[in-house]
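Here is what each chain is made of, one letter per residue.
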Amino acid sequence: MDNCTLKKSTSFVLMKVYKYAYFLLIIAVSQIVACHSSDKKTNNPTVYADFDPEKLTAAMHQVIDSLKMDTTRTHYYDTLSVFYSSRNYEYIWLKKAKDSMFQVGVFNMWDSVPFEGLKTAHYDCAELKMRMEKLKKIKEVHLYYELAILEIKLSNSMLLLWHDKVLGRTNPQEVLGAKYTLPYPNKALNLFAVLNVDSVLPKVSHYYPAHPDYWKLKKLLAQRFGETEGSETFIDTVGIRKVKPGDTTYIAPMLARRLVELGMAPDSLIHSTDSSFVYKKTTAIYVKEFQRISNVTDDGIIGKSTLKLLNASKNDKLNEIRANIERIRWFSDAPPKPYVMVNIPEFMLYLVYTDSLMAIYKDSLLPVKVCIGQGKEKYFEQRLLRYTKTGRYSDKPQNHETPQIYSTIDYVILNPTWTVPSSIVGREMYSKIVRDPGYLIRNGYQVFDKNVPVNPYNINWRSYSPGNIPYTIRQDAGDDNSLGKIKFTFKNPFSVYLHDTPLKSKFKLNNRAVSHGCVRVENPIDLAGFILQNNQKLNYDDMLIKVGRAPVNDTARARKWREDTTSYKKIVKGTYPIRLENKMVVFFDYKTIVFNEAGQPRFIYDVYDKNKLIVEALDKP
């Protein structure tokens with residue numbers, strides 16, 4: 001081997017040695033850095049190690065003072081400030097938050113929030129999930145702030161969710177106004193019962209209202225969540241007032257497609273109408289059925305109400321379910337049976353009996369048709385604004401919505417008189433009386449001045465304005481009385497009651513929002529029998545005899561009547577009150593989703609447009 005070759009070989013070997021040494025040096029440096037880094041991590045306090053309680057207290061005090069200044073959303077930071085101060089800022093959650101099983105339980109609880117009709121953003125679910133998952137990665141400089149904000153926001157989240165699941169996120173009287181008088185809150189709530197790591201998950205996660213429709217609505221909500229994707233046909237209503245069968249209209253093809261999407265018509269309807277702009281009678285058949293089940297007039301005419309129902313999107317239906325779940329949270333405890341319940345938008349009255357009643361009442365769960373109050377007049381808000389400025393009676397808008405009431409029926413009154421409300425006198429009778437005071441006499445009305453009868457011809461009616469008539473007008477009992485033959489009274493701030501009516505034709509309508517606020521009952525005799533079931537002194541048979549009907553039970557008094565004792569067969573002509581020995585609960589509910597015996601839902605027309613108000617309140621921060 002020559003010198004040149006030897007030098008090259010030696011250089012090659014040295015290069016190999018240098019590279020290997022450099023590689024070892026890199027490894028050594030990396031290990032030193034890793035060890036140093038590990039030492040820093042060990043020295044950095046985390047939730048897994050002890051932390052300085054004084055520093056945590058100071059951080060919690062600072063964080064809670066900052067959070068409670070937030071006026072943009074609902075929170076309990078003011079309450080929590082007092083709560084933590086009373087316990088010297090001792091934490092609740094921080095030690096437990098490291099437990100993976102606890103985290104899974106809390107995460108599952110938050111994941112279930114949308115299926116309660118609530119929004120996860122209101123409870124900081126996403127933020128708190130992130131904070132709990134990153135506990136191990138908190139840097140030393142931010143440690144106490146991060147721990148404090150996790151502790152306080154977690155407490156706030158628990159309090160909010162606990163309150164909202166039990167009592168509702170919203171206050172019904174704030175949302176719906178004075179016409180909501182059902183009992184609220186419907187149960188006492190120990191708000192701080194959930195600030196306990198051992199009981200919070202079973203208490204909050206497993207709570208549910210006792211109302212029988214709750215689980216049905218919750219199941220329906222879960223089903224509808226999966227249906228919100230996909231396109232939907234929207235019927236443009238600009239320039240449309242009413243479309244009748246046979247009319248030519250550009251919405252005819254869209255109407256057919258929408259009926260198919262809603263499951264109201266077969267696919268073949270689209271093919272038979274795609275090339276036609278005529279609203280055919282074949283399409284009207286499906287429209288009428290859609291109107292019928294929705295509780296609007298089933299005449300096949302496409303008007304404002306029908307268009308609103310047809311254009312209700314999948315998301316609108318989702319919100320309708322949410323609104324009805326919120327109503328259950330407001331009022332979930334059924335009263336003791338038996339009781340009477342009116343579902344306002346359904347135009348139905350239900351008689352709910354106990355299992356021990358006689359066979360005559362076994363069919364009493366069948367609904368009874370009712371008529372309810374008309375809604376607010378057109379442009380109500382604008383007119384109300386104008387009235388507040390002018391104060392003129394003629395500018396005052398009318399709102400005849402039937403209120404939501406909870407009370408007890410105390411009297412069944414046969415052959416009632418009717419004291420006409422001043423609003424009806426001023427708006428509907430005044431002009432007739434001014435033209436001809438004899439109108440009152442011909443229609444069975446009497447005029448009273450402080451309970452003293454007055455001849456209507458002796459009154460200068462023109463000297464009074466329609467909104468300031470100082471007389472009481474009362475309609476005598478009789479066949480033409482607006483309250484019919486029977487009235488059912490119960491205390492309430494609106495002077496509303498259940499009653500018979502001579503206008504029986506109104507019960508043939510699907511949309512029966514036709515009264516001034518009281519509830520007209522189609523079968524008042526049956527209702528009276530149900531209400532008088534526990535009366536002993538004067539029972540249902542006695543009432544039937546007094547109105548000229550045959551008794552239905554085999555009692556001594558009924559047998560005496562059947563023996564044709566004429567002295568006992570006295571039909572009552574004048575007003576006759578029957579006092580209930582055991583008052584019966586009556587309440588007016590408002591549910592726009594009802595279920596049949598098979599548990600199938602039916603969405604019905606929101607006659608007073610209340611769902612929108614509830615959803616808007618639910619979604620506020």
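Throughout, a residue's number is its position along its own chain's written sequence, starting from 1. Predicted model: local features are reported for residues with pLDDT of at least 70 only, side-chain atom pairs are reported and counted for 80 or more only, and whole-chain, interface and lining totals are derived from all residues. Derived side-chain values reflect all non-hydrogen atoms in the structure, with water molecules and hydrogen atoms excluded from consideration.

S.K.: Quick question: what am I supposed to make of the overall build of the protein chain here?
M.R.: Of regular secondary structure, the protein chain possesses 21 helices and 15 strands. Using a 1.4 Å probe on the protein chains alone, a residue whose accessible area is under 20% of its type maximum counts as buried, one over 50% counts as exposed, and one in between counts as partly exposed. Within the protein chain, the fraction of its 621 residues that count as buried is 46%. We call two residues in contact whenever any of their non-hydrogen atoms come within 4.5 Å of each other. The long-range share in the protein chain, meaning contacts at least 24 apart out of those at least 6 apart in sequence, stands at 69%. To be clear on the numbers: accessible area is Shrake-Rupley with a 1.4 Å probe, and residue cover counts the displayed protein chains and nothing else. Per element, the accessible surface of the protein chain, about 33,100 Å² overall, is 53% carbon and sulfur. A helix here means a DSSP run of H or I that spans at least four residues, while a strand means a run of E at least two residues long, and both kinds are numbered starting from the N terminus.

S.K.: Mind showing me how you'd approach the confidence of the model for the protein chain here?
M.R.: Should pLDDT be low for a region, the predicted coordinates there are not to be read in detail. Of all residues in the protein chain, 88% have pLDDT values of 70 or greater, and the mean over the chain is 86. Predicted confidence in the protein chain is weakest over helix H1 (residues 3-43), with a mean pLDDT of 43, and strongest over strand E10 (residues 498-499), with 98. For every residue, the predictor reports its confidence as pLDDT, a number between 0 and 100. When the criterion is pLDDT under 50, residues 356-364 qualifies, and its contacts beyond four places in sequence or with other chains add up to 13 contacts.

S.K.: Looking at this structure, how should I read the packing of helix H2 (residues 53-67) against helix H3 (residues 77-86)?
M.R.: Packed helix pairs are specified by the crossing angle of their axes together with the interaxial distance, meaning the distance between the axes. Helix axes are fitted only over the stretch in contact, all axes being lines through C-alpha atoms; the angle between N-to-C directions runs from 0 to 180 degrees. The geometry of H2 relative to H3 is characterised by a closest axis approach of 9 Å and an angle of 155° between their N-to-C directions. The pairing of H2 with H3 is recorded here as roughly antiparallel in orientation. For H2 against H3, the interelement crossing comes out left-handed. Residue-level contacts link Met60, Ile64, Asp65 and Leu67 of H2 to Tyr77, Leu80, Ser81 and Tyr84 of H3. Residues are grouped as follows: Ala, Val, Leu, Ile, Met, Phe, Trp, Tyr, Cys and Pro are nonpolar; Asp, Glu, Lys and Arg are charged; all remaining types, including Gly, are polar. Of the residues in the contact of H2 with H3, the class split is six nonpolar, one polar and one charged. Convention used here: angles under 35 degrees read as roughly parallel, angles over 145 as roughly antiparallel, angles from 65 to 115 as roughly perpendicular, and any remaining angle as oblique. Rotating anticlockwise by less than a right angle from the far helix to the near helix defines a left-handed crossing, while the corresponding clockwise rotation defines a right-handed one.

S.K.: Help me understand the packing of aromatic side chains in this model?
M.R.: What characterises a pair of aromatic rings is the spacing of the ring centres plus the angle enclosed by the ring planes. Stacked, tilted and edge-to-face pairs are distinguished by plane angle, under 30 degrees for stacked and over 60 for edge-to-face with tilted covering the rest, among Phe, Tyr and Trp rings (Trp via its six-membered ring) whose centres lie within 6.5 Å. Enumeration over the complete set of coordinates arrives at 19 aromatic pairs. When the ring of Tyr208 is compared with that of Tyr214, the centres are 6.4 Å apart and the planes differ by 10°; the resulting orientation is stacked. Exposure remark for Tyr208: the relative accessible area of 43% places this residue in the partly exposed category. Among the residues examined, Tyr214 registers a relative accessible area of 2% and is labelled buried. The criterion for a charge sitting over a ring is simple: Lys NZ or Arg CZ within 6 Å of the ring centre, and within 35 degrees of the ring normal. Sitting over the ring of Tyr393, Arg427 keeps its end group 5.1 Å from the ring centre. The lysine or arginine in question, Lys487, covers the ring of Tyr497, its NZ or CZ lying 4.7 Å from the ring centre.

S.K.: Just to check I follow, could you spell out the packing of helix H4 (residues 100-111) against helix H5 (residues 125-133) for this structure?
M.R.: Relative orientation of the contacting elements H4 and H5 amounts to 165°, with a least axis distance of 10 Å. In this view, H4 runs roughly antiparallel relative to H5, as classed from their interaxial angle. Crossing hand, H4 versus H5: left-handed. Facing Phe102, Gln103, Phe107, Trp110 and Asp111 of H4, the residues of H5 in contact are Cys125, Leu128, Lys129, Met132 and Glu133.

S.K.: Hey, could you run me through a positive patch on the surface in this one?
M.R.: Among the surface-exposed residues, Arg241, Lys242, Lys244, Lys304 and Lys378 lie close enough to one another that they form a single positively charged patch. Relative to the helices and strands, Lys378 is located in the loop between strand E3 (368-373) and helix H15 (380-390). For Lys378, a relative accessible area of 61% corresponds to the exposed category. Within the patch definition used here, like charges are joined within 9 Å and nonpolar side chains (Val, Leu, Ile, Met, Phe, Trp, Tyr) within 5 Å, considering only residues with over 30% relative accessible area and no salt bridge. Each reported salt bridge corresponds to a side-chain nitrogen of Lys or Arg within 4 Å of a carboxyl oxygen of Asp or Glu. Asp and Glu count as negative and Lys and Arg as positive, but His and the ends of the chain are not part of the count. Note on charges: their place is set at NZ of Lys, CZ of Arg, CG of Asp or CD of Glu.

S.K.: What exactly am I supposed to notice about the side chain of Arg169 here?
M.R.: By the secondary structure assignment, Arg169 is in the loop between helix H6 (143-167) and helix H7 (172-176). Whenever two N or O atoms come within 3.5 Å, that pair is a polar contact, provided that in protein one can donate a hydrogen and the other can accept it, and provided that, for residues adjacent in sequence, both atoms are side-chain atoms. Within polar-contact distance, the side chain of Arg169 engages the side chain of His122 at 3.2 Å. Looking at Arg169, its side chain comes within polar contact range of the main-chain oxygen of Lys620, at 2.7 Å. Apart from residues no more than four positions distant in its own chain, Arg169 is found in contact with Thr74, Leu118, His122, Tyr123, Asp164, Glu326, Leu618, Lys620 and Pro621.

S.K.: Just checking my understanding: could you explain the environment of Arg257 for this structure?
M.R.: Among the secondary structure elements, Arg257 is positioned in helix H10 (residues 252-261). Accessibility expressed as a relative area gives 31% for Arg257, which makes it partly exposed. Taking the C-alpha atoms as reference points, Arg257 and Ser268, separated by 11 residues in sequence, lie 10.0 Å from one another.

S.K.: Help me understand unusual backbone geometry, please; the structure alone is not making it clear to me.
M.R.: Excluding glycine, residues mostly have negative phi values, and the peptide bonds linking residues are mostly trans. Residue Lys337 is joined to Pro338 through a cis peptide bond whose omega torsion reads -5°. Along the chain, the position of Pro338 falls in the loop between helix H14 (314-330) and strand E1 (339-343). Even without glycine at this site, Ser495 takes up a positive phi of about 55°. Summarising the element assignment, Ser495 is placed in the loop between strand E9 (486-490) and E10. The class of Ser495 is exposed, set by a relative accessible area of 57%.

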